[in-house]
Amino acid sequence: MTDPLDLPPLDLPPDRAERLRRMARSELRRAHDGSWADRVQPTLCVAFAAAFPVWAAVVALGVGAG
Amino acid sequence: MAGLRAGDPAAFDAVYAAYRPRVYGFLVRLTGRRELADELHQETWVRLARHAPRLAPDTRLAAWLFTVARNLWRSHQRWAWLDGTRLLELATRPAGATPTPLELATASESQRRAEAAIAALPAAYREVVLLVVVEHLDPAEAAVVLGLSPEATRQRLSRGRAALAAALGGAP
């Protein structure tokens, strides 16, 4: 007799639901941008090193010294 | 799921619209405190947004969201036990979420009784009853959310249902 239970829906008031949606969407955008940069940056570094090995060595020495 | 993983805002909106009331209702009934449910609910959605690019393509979103929400509540409980102020607050508050005037107006007498009976269940039974009986998760999915074996989940659900039926005045 207890299955299923039909309980009244509970939800956030519309203004707070909208505020949370906006906040979560900006987190989504930030997370996606970060994820994209994490994937692309190593590829760009390798391509740069292959095309300009001397400059890549100079940059690497500079980063190491810094 | 592909849209969500790719950071598509429209895909996120669709997920948010579909699951927000379920996750919020689960947390309000699980915690018995609307302001705490608000806090945990917000954190659940922020975590989904942050983890979206790393979600597996076959992720079951309902189970994922309920797992995060439930784990946040468990963490909060552990932390509350270490905090004397919160412990006192918990001890002096009545069990059960305070319904809003709209909810009071729309809920039937049997629904109000069911809400009270669920709020009075021990936490271990309340969470499995909420997941399976109220949110209609498959028991196997509920087992994943609760971090239990399917057999342990089945037993806990059976006892929870029996306790609920007894509280509502009927046989299990």
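Note that the structure is a prediction, hence the values are computed from the model and not measured.

Calculation criteria
- Residues numbered from 1 in each chain as written.
- Chains lettered and ligands numbered in written order.
- Predicted model: local features only at pLDDT ≥ 70, side-chain atom pairs only at ≥ 80, totals over all residues.
- Heavy atoms only, no water.
- Helix = DSSP H or I, 4+ residues; strand = E, 2+ residues; numbered from the N terminus.
- Buried < 20%, exposed > 50% of the residue type's maximum accessible area, 1.4 Å probe, protein only.
- Contact = heavy atoms within 4.5 Å.
- Areas by Shrake-Rupley, 256 points an atom, 1.4 Å probe, with all protein chains shown as cover.
- Buried area = accessible area lost by both parts, 1.4 Å probe.
- Salt bridge = Lys/Arg side-chain N within 4 Å of Asp/Glu carboxyl O.
- Polar contact = N/O pair within 3.5 Å; in protein donor to acceptor, adjacent residues only side chain to side chain.
- Core = buried A, V, L, I, M, F, W, Y, C linked by side-chain atoms within 4.5 Å.

(A) Geometry of the overall build of chain B. The helix and strand tally for chain B stands at 10 helices and 0 strands. The linear arrangement of helices and strands in chain B, starting from the amino end, is α-α-α-α-α-α-α-α-α-α. Burial analysis of chain B (172 residues in total) assigns 44% to the buried set. When contacts within chain B are restricted to residue pairs at least 6 apart in sequence, long-range pairs at least 24 apart make up 64% of them. Accessible surface, chain B as shown: approximately 8,400 Å² in total, 57% of it carbon and sulfur.

(B) A look at the interface of chain B and chain A. Facing the 40 residues of chain B at the interface are 23 residues of chain A. Summed over both sides, the interface of chain B with chain A buries roughly 2,900 Å², with 67% coming from carbon and sulfur. Counting across the chain B and chain A interface gives 5 salt bridges. Ionic pairing is found between Asp13 of chain B and Arg25 of chain A, a salt bridge with its closest N-O pair at 2.4 Å. Remark: the boundary between chain B and chain A carries 9 residue pairs in polar contact (both at pLDDT 80 or more). Counting residues per element, the ones that place at least two in the side of chain B that touches chain A are helix H1 (2-5), helix H2 (9-31), helix H3 (34-51), helix H7 (109-120), helix H8 (123-134) and helix H10 (150-167) of chain B. By residue number, the principal contributor to the side of chain B that touches chain A is H2 of chain B, which donates 10 residues.

(C) Just the nonpolar core, in detail. Leu4, Phe12, Trp45, Leu48 and Leu131 of chain B are the most contacted members of the largest nonpolar core, which has 54 residues in total. Elements supplying a minimum of two residues to this core: helix H1 (14-51) of chain A together with H2, H3, helix H4 (61-82), H7, H8, helix H9 (139-146) and H10 of chain B. Excluding its chain neighbours within four sequence positions, the residues that come into contact with Leu131 of chain B are Phe26, Phe66, His136, Leu137, Ala142, Val145 and Leu146 of chain B.

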